[in-house]
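Survey of secondary and tertiary structure
Spelled out, the chains give:
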Amino acid sequence: FPDEARGRSGFPGGYAVVRLDDGRFVFEGAGSTSDIDEPMADVPADLQVPPRAVPYLGYQVTQYWRDLSIPPDAPTAAALARQFAAATPEIGPVDGVVFADPHALAALVGLLGSIDVPGIGELTQETTVDFVVRDQYLRFPDLGERRDRKDLLSVIAGEVGLRLQGLSLPSVRSFTETFGPVVADGHLMVTLDPVAEPAASALLAETGVDGGFPG
């Protein structure tokens, strides 16, 4: 979820779907959450509300993708996202949820290399954060340009996803040096379904990667 300044790490403005199959990384597509919010306008009858989401029901966290990250506990938001995904044809059932804010995206662009954005120019690790949180809105200031702006973000997400499929990972040390600070500062959070993947989920919680809120 590329996030912006709202809630703990922003609102989910976009999404991407990836699958891991026998060690292979497969990118299935990306888009704007505004394109998939409509089916969630009515709360599914069988939606299970995590306890930590209850105080935020007034903020429609059980109804809209853009609001589910308001609870500060990332595993709570992820539990909602997994249920939303299962009820959304464009996504389908998932075992894990990754929250990536603009700083995490910048680190990813640094890993993959600069991206040539049509009509914009080169997007680099140094310019990604400013583009996501500020420059995109300056380039598309009118309400009628919202669709063009979000289409552009989808193009960028698609290019990133395709590159990830053919990525050769750097050394563990180099990877840790790049993403360790990003995780430590809460810019990147990874959660897994504790029922489907209990051991891996526990490890993510123990290491603080899952973004669980203390208490």
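What counts and what doesn't
- Residues numbered from 1 in each chain as written.
- Predicted model: local features only at pLDDT ≥ 70, side-chain atom pairs only at ≥ 80, totals over all residues.
- Heavy atoms only, no water.
- Axes fitted to C-alpha atoms, helices over the stretch in contact; angles between N-to-C directions.
- Helix = DSSP H or I, 4+ residues; strand = E, 2+ residues; numbered from the N terminus.
- Parallel < 35°, antiparallel > 145°, perpendicular 65-115°, else oblique.
- Contact = heavy atoms within 4.5 Å.
- pLDDT = per-residue confidence, 0-100.
- Pairing = 2+ DSSP bridges.
- Expected span 1.5 Å × (residues − 1).
- Buried < 20%, exposed > 50% of the residue type's maximum accessible area, 1.4 Å probe, protein only.
- Core = buried A, V, L, I, M, F, W, Y, C linked by side-chain atoms within 4.5 Å.
- Salt bridge = Lys/Arg side-chain N within 4 Å of Asp/Glu carboxyl O.
- Polar contact = N/O pair within 3.5 Å; in protein donor to acceptor, adjacent residues only side chain to side chain.
- Phe/Tyr/Trp six-rings, centres within 6.5 Å; stacked < 30°, edge-to-face > 60°.
- Lys NZ or Arg CZ within 6 Å of the ring centre and 35° of its normal.

Now for the packing of helix H2 (residues 102–112) against helix H5 (residues 172–184). Running from amino to carboxyl end, H2 crosses H5 at an angle of 170°, the nearest separation of the two axes being 9 Å. For the element pair H2 / H5, the angle class is roughly antiparallel. Every residue of H5 that contacts H2 at Ala 104, Ala 107, Leu 108 and Leu 111 is listed here: Phe 175, Thr 178, Phe 179 and Val 182.

Another point: the confidence of the model for the protein. The predicted model of the protein averages 86 in pLDDT, with 92% of residues at 70 or higher. Across residues 1–5, confidence stays below pLDDT 50; counting only partners more than four residues off in sequence or on other chains, it has 31 contacts.

Where strand S1 (residues 14–21) lies against strand S2 (residues 24–32), eight bridges are found, and the strand directions are antiparallel. Bridging across to S2, Leu 20 finds its partner in Phe 25. Connecting the antiparallel pair S1 and S2 is a turn made up of two residues, with Asp 22 showing a positive phi of about 55°.

Relative to the 28 Å expected for 20 residues at 1.5 Å per residue, helix H4 (residues 146–165) spans 29 Å between its end C-alpha atoms, a close match to the ideal helical length. Residues Arg 149, Lys 150, Leu 152, Ile 156, Gly 158, Val 160, Gly 161 and Leu 164 constitute the buried set of H4. The elements touched by buried residues of H4 are S2, H2, strand S4 (115–117), strand S5 (121–123) and helix H3 (128–139).

Counting 20 residues, the largest nonpolar core has Trp 65, Leu 68, Ile 91 and Phe 99 as the members making the most contacts within it. Broken down by secondary-structure element, the contributors of at least two residues to this core are S1, helix H1 (74–86) and strand S3 (96–100). The leading source of residues in this core is H1, at seven residues. In terms of nonpolar packing, the next biggest core, distinct from the first, is built from 19 residues, Ala 107, Leu 108, Phe 131 and Leu 188 among them.

Looking now at the pattern of salt bridges. Summed over the entire model, instances satisfying the criterion amount to nine salt bridges. For Arg 139, the salt bridge identified is with Asp 135, shortest N-O distance 2.5 Å. A residue pair is termed a helical-turn pair when its members lie 3 or 4 positions apart in one helix, as Arg 139 and Asp 135 do in helix H3 at four residues. The shortest N-O distance in the salt bridge between Arg 163 and Glu 159 comes to 2.9 Å. Here Arg 163 pairs with Glu 159, and both are found in helix H4, just four residues apart, close to one helical turn. Sharing partners across several salt bridges, the network here consists of Asp 35, Arg 147 and Asp 151.

Now for the side chain of Asp 101. By the element assignment, Asp 101 lies in the loop between S3 and H2. Within the structure, the side chain of Asp 101 is placed 2.6 Å from the side chain of His 187, a separation counted as a polar contact.

Counted according to the given criterion, the structure contains two aromatic pairs. A centroid spacing of 5.4 Å and a plane angle of 80° characterise the contact between Trp 65 and Phe 84, whose relative ring orientation is edge-to-face. Taken together, the residues span a long stretch of sequence, with Trp 65 in the loop between S2 and H1 and Phe 84 in helix H1 at a distance of 19 residues. Residue Trp 65 shares its accessibility class with Phe 84, and that shared class is buried. Centre to centre, the rings of Phe 175 and Phe 179 are 4.9 Å apart; their planes meet at 35°, and the pair counts as tilted. Taken together, the residues Phe 175 and Phe 179, both in helix H5 and four residues apart, mark about one turn of the helix. For Phe 175, a relative accessible area of 34% gives the class partly exposed. For Phe 179, a relative accessible area of 10% puts it in the buried group. Over the ring of Tyr 64 we find Arg 66, and its NZ or CZ is 4.4 Å from the ring centre.

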